[in-house]
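Observations on chain architecture
Residues per chain are reported as follows:
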Amino acid sequence: MSRPLTRPLHQAAQLGRYAWSLQHEQAAQWWAGRVRGDLLARAHLREGRRDPYPVYEALRARGDLVPTRLGNLVTTSHAVTGEVLRSRRFGVVPLDPVDAPAAASGADLSFLQLDPPDHTRLRRLAAPAFSPRMMASYEAMVQARVGALLDAAAARGRFDLVADLAAPLPVGVISTMMGVDDADAAALQRYGAALASALDGVASLRHLREVMGAATALEAQFAGLVERRRTDPQDDLVSVLVCELGEGEGAALSAGEILPMCTLLLVAGFETTVNLIGSAVLALQRDPDQWRALVADPSLASAAVEETLRWDPPVHETARVAHEDVELAGTTVRRGQWVVTLLAATGRDPRVYADPARFDLHRTPGAQHLAFSSGIHYCVGASLARLEATVALRELAVRMPDLRVDGRVVRRPTTTIRGPLRVPVAVGGGAAPYGGVVRA
Ligand code: HEM
C-alpha cells in the first residue's frame, strides 16, 4: 500500500532531502484529483488550498472512513481520528522500507517519525523543556517579546501582522529556549520558511535548490551550536541534549540524532504558531462582534486561541499506518494501509460541535479539538504555542483596539499547513473591520 500523498507538518525539516519525490507526488496528486476525482487529492489542489472545508464536507458525506484512489483511507470523523491516533496498532513508520520517507531521503526523521521504543526515548529528552513549570518561567520573556514587537509596529501605524508579529515571535522564543543567538535567529527563520514552503510540493528546480540549501544551512548552524555547547554548556535546551549524547547501547541520544531533533524542534515551533496567530486575527476580524468582544474582555484571548484551533487549525492533517489488520468504523483496515486523519475536519464534526462552521468566542467548551493530535505524538509544544498565541491576541486587543485589516490578505499556497502569509493591518480607527474574502 503506498504512503499517502500528504505528510504532517514537521517533516518539513527533511524536505530538502526528498524534495524530488514531493514533485513526483505533486503530479500524482493532480492526476488523482483532477482526472480520477479523488477528494483528498482535491484538497491539495488550487480549490482546496483556497478553502479546503467544502472538500472536507464532501468527504464527510461519504462516511467516516473513505477509501482513496491510492488504496488508503481518509477520515473526517472526530471519534475515528481520536481512535486511530491513540491506537498502538497504528504507527508512523511504514512497514515497507521502500515506502518510508526516510528511505527515500536517507534522512533521520527524528521522533515525530518514529514508533516506540525510539520515539519514547527521544521524546523524553525534549519534553521537560515544555513542562508547565518551564512554561511559567517563559511567560515574562514571551510578554516582553510581544511588547517590543507591538511597540515597533504601533510606531509605524500600518504593519504586516505576519511579518511583524506572528512570524518573529515564535522563532524568537524557540531560539532563546534552544540557545540560538538573536543574530542567528533571523537566518533560522529564513531557512525554516524555505523548508516549509515545500510542504505541498516543489515548484521548480530553483525552489528545490533553495529548499536543499536551507536544510544544509540549518543543520550546519545547529552543528556549530552543538560544538559550542559541548565545551561551554549554558542554561538552554541544546545544552541539555548535548549532556545526553553518547554512543552504543544505553546512550540516550546519538550524535546522528541530535541535529534532526534540533531542526524538528525549531521548525515545529514556528511554522505552526505563526499560522495560529494569523488565522486567529483573521477569524476575529471577519466578524466585528467577535473582535469587539475580545477588546471588551481581553481575558477571552485563550478562548479565541482554542476556537481558532478548532475552527481553522494550522496543521490540517497527519496519517498513520496499520501495523496489523484493524477493524475501524465498520471497515477492515489492512496491515500496511494508511489512514489519513483530517485534523481540521474533525474540528467541524457536527456530531461533536453544534453549528460547527461558526467561529464563536463564547462557545461552551466541549470535546477537546485534535489540532495538536492525540496519543503518543501529541504535540510537545502545545502549551508553548498556546502561551504565545494567547499573549499575542491579548496584547493586540489591549494596545490596538481599533486594529483592522487594511489591504489584500495572502494565504500560504499549502493545505497541510494552513494560514495567512501576509495580513496588512492598520492600528487606527477608520474603515469597518475586515469582512471580505481571503485571497489565495
Ligand atoms: C499552533 C502551533 C502548533 C500546532 C498546531 C502543532 C501541531 C502538531 C501536531 C498536529 C503534531 C502531531 C503530528 C502527528 O500526530 O503526526 C505535533 C507534534 C509535535 N510538535 Fe507541534 N504544533 C504546534 C506548535 C509546536 C511548538 C511550539 C513546538 C515546539 C517548539 C512543537 C513541537 C512538536 C514536536 C516536537 C512534535 C512531535 C511530537 C511526537 O512525535 O511525539 N509544536 N504538533
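Residues numbered from 1 in each chain as written. Predicted model: local features only at pLDDT ≥ 70, side-chain atom pairs only at ≥ 80, totals over all residues. Heavy atoms only, no water.

The name that an unreviewed UniProt entry assigns to the protein chain is Cytochrome P450, with the source organism given as Lapillicoccus jejuensis.

Details of the coordination of the iron atom of the ligand
Coordination of the iron atom of the ligand by the protein involves just one donor, Cys 379 (SG), at a distance of 2.3 Å. With respect to the element layout, Cys 379 can be found in the loop between helix H18 (343-346) and helix H19 (382-399). (Donors = N, O, S within 2.8 Å, 3.2 Å for Na, K, Ca; no water. Helix = DSSP H or I, 4+ residues; strand = E, 2+ residues; numbered from the N terminus.)

Looking at the nonpolar core
Most often, soluble globular proteins keep nonpolar side chains buried together rather than apart. With 95 residues, the main nonpolar core has Phe 130, Met 178 and Phe 222 as its most contacted residues. With residues near it in sequence (within four places) discarded, Phe 130 still touches Met 135, Ile 174, Met 177, Leu 237, Leu 265, Val 380, Gly 381, Ser 383 and Leu 384. By size, the runner-up hydrophobic cluster in this structure holds 16 residues, among which are Leu 39, Leu 40, Leu 342 and Ala 345. (Core = buried A, V, L, I, M, F, W, Y, C linked by side-chain atoms within 4.5 Å. Buried < 20%, exposed > 50% of the residue type's maximum accessible area, 1.4 Å probe, protein only. Contact = heavy atoms within 4.5 Å.)

With respect to the site of the ligand
In the vicinity of the ligand there are 28 residues, among which His 119, Thr 318, Ser 373, His 377 and Cys 379 approach most closely. Interatomic distance of 2.7 Å between a side-chain N/O atom of Arg 123 and an oxygen atom of the ligand. In the environment of the ligand, an oxygen atom lies 2.7 Å from a nitrogen or oxygen atom belonging to the side chain of Arg 320. Every element with two or more residues in the shell around the ligand is listed here: helix H7 (118-126), helix H14 (255-270), helix H15 (273-286) and strand E5 (318-322). In terms of residue count, the dominant contributor to the shell around the ligand is H14 (four residues). Taken together, the residues of the shell around the ligand sort by class into 17 nonpolar, nine polar and two charged. (Near = heavy atom within 4 Å. Polar contact = N/O pair within 3.5 Å; in protein donor to acceptor, adjacent residues only side chain to side chain. Nonpolar A, V, L, I, M, F, W, Y, C, P; charged D, E, K, R; others polar.)

A word on the pattern of salt bridges
Within this structure, the stated rule accounts for 21 salt bridges. One salt bridge connects Asp 64 with Arg 351, and the closest N-O pair in it is separated by 2.9 Å. Residue Asp 64 is found in the loop between helix H4 (53-61) and strand E1 (66-67), and its partner Arg 351 is found in the loop between H18 and H19; the two are separated by 287 residues along the sequence. On the accessibility criterion, Asp 64 (27% relative accessible area) is partly exposed. Notably, a salt bridge pairs Arg 230 with Glu 227, separated by 3.0 Å at the nearest N-O pair. (Salt bridge = Lys/Arg side-chain N within 4 Å of Asp/Glu carboxyl O.)

Observations concerning helix H10 (residues 168-178)
A large share of H10 lies buried, amounting to nine of its 11 residues. For H10, every residue scored as buried is listed here: Leu 169, Pro 170, Val 171, Gly 172, Val 173, Ile 174, Ser 175, Met 177 and Met 178. Directly after H10, the chain includes Gly 179, whose backbone phi takes a positive value near 100°.

Here's the deal with H19
In an α-helix there are 3.6 residues to a turn, and that puts residues three or four apart on one side. For H19, built from 18 residues, the straight-helix expectation of 26 Å at 1.5 Å per residue is met to within 8% by its first-to-last C-alpha distance of 26 Å. Burial analysis of H19 places 13 of its 18 residues in the buried class, which makes it a mostly covered element. (Expected span 1.5 Å × (residues − 1).)

Focus on the packing of aromatic side chains
Under the defined criterion, the tally for this structure stands at three aromatic pairs. Between Trp 311 and Phe 359 the ring centres are 5.4 Å apart and the planes differ by 75°, which places this aromatic pair in the edge-to-face class. Here the residue Trp 311 occupies a position in helix H17 (residues 301-311), and Phe 359 occupies one in the loop between H18 and H19, the gap between them amounting to 48 residues. Classification of Trp 311 as buried rests on a relative accessible area of 9%. Among the residues examined, Phe 359 registers a relative accessible area of 7% and is labelled buried. (Phe/Tyr/Trp six-rings, centres within 6.5 Å; stacked < 30°, edge-to-face > 60°.)

Digging into unusual backbone geometry
Across the chain, the bulk of peptide bonds are trans and the bulk of non-glycine residues have phi less than zero. Cis peptide bonds are those with omega within 30 degrees of zero, and the linkage from Pro 116 to Pro 117 qualifies with 5°. Within the secondary structure, Pro 117 sits in the loop between helix H6 (101-105) and H7. The phi dihedral of Asp 355 is positive, around 45°, even though this residue is not glycine. Examined against the element boundaries, Asp 355 turns out to sit in the loop between H18 and H19. Non-glycine residue Ser 373 carries a positive phi angle of around 70°. Inspection of the secondary structure puts Ser 373 in the loop between H18 and H19.

Re the confidence of the model for the protein chain
Scored by pLDDT, the protein chain has a mean of 86; 84% of the residues are at 70 or more. Predicted confidence for residues 4-20 stays below pLDDT 50, and this span has 68 contacts to residues more than four positions away or in other chains. Predicted confidence is poor over residues 431-440, with pLDDT under 50, and the contacts of this stretch with residues over four places away or in other chains come to 21 contacts. (pLDDT = per-residue confidence, 0-100.)

Comments concerning the environment of Ala 193
Relative to the elements of secondary structure, Ala 193 occurs in helix H11 (residues 182-197). Considering only alpha carbons, one finds Ala 193 and Val 267, 74 residues apart in sequence, at a separation of 8.3 Å. Look past the residues within four positions of Ala 193 in its chain and what remains in contact with it is Phe 270 and Glu 271.

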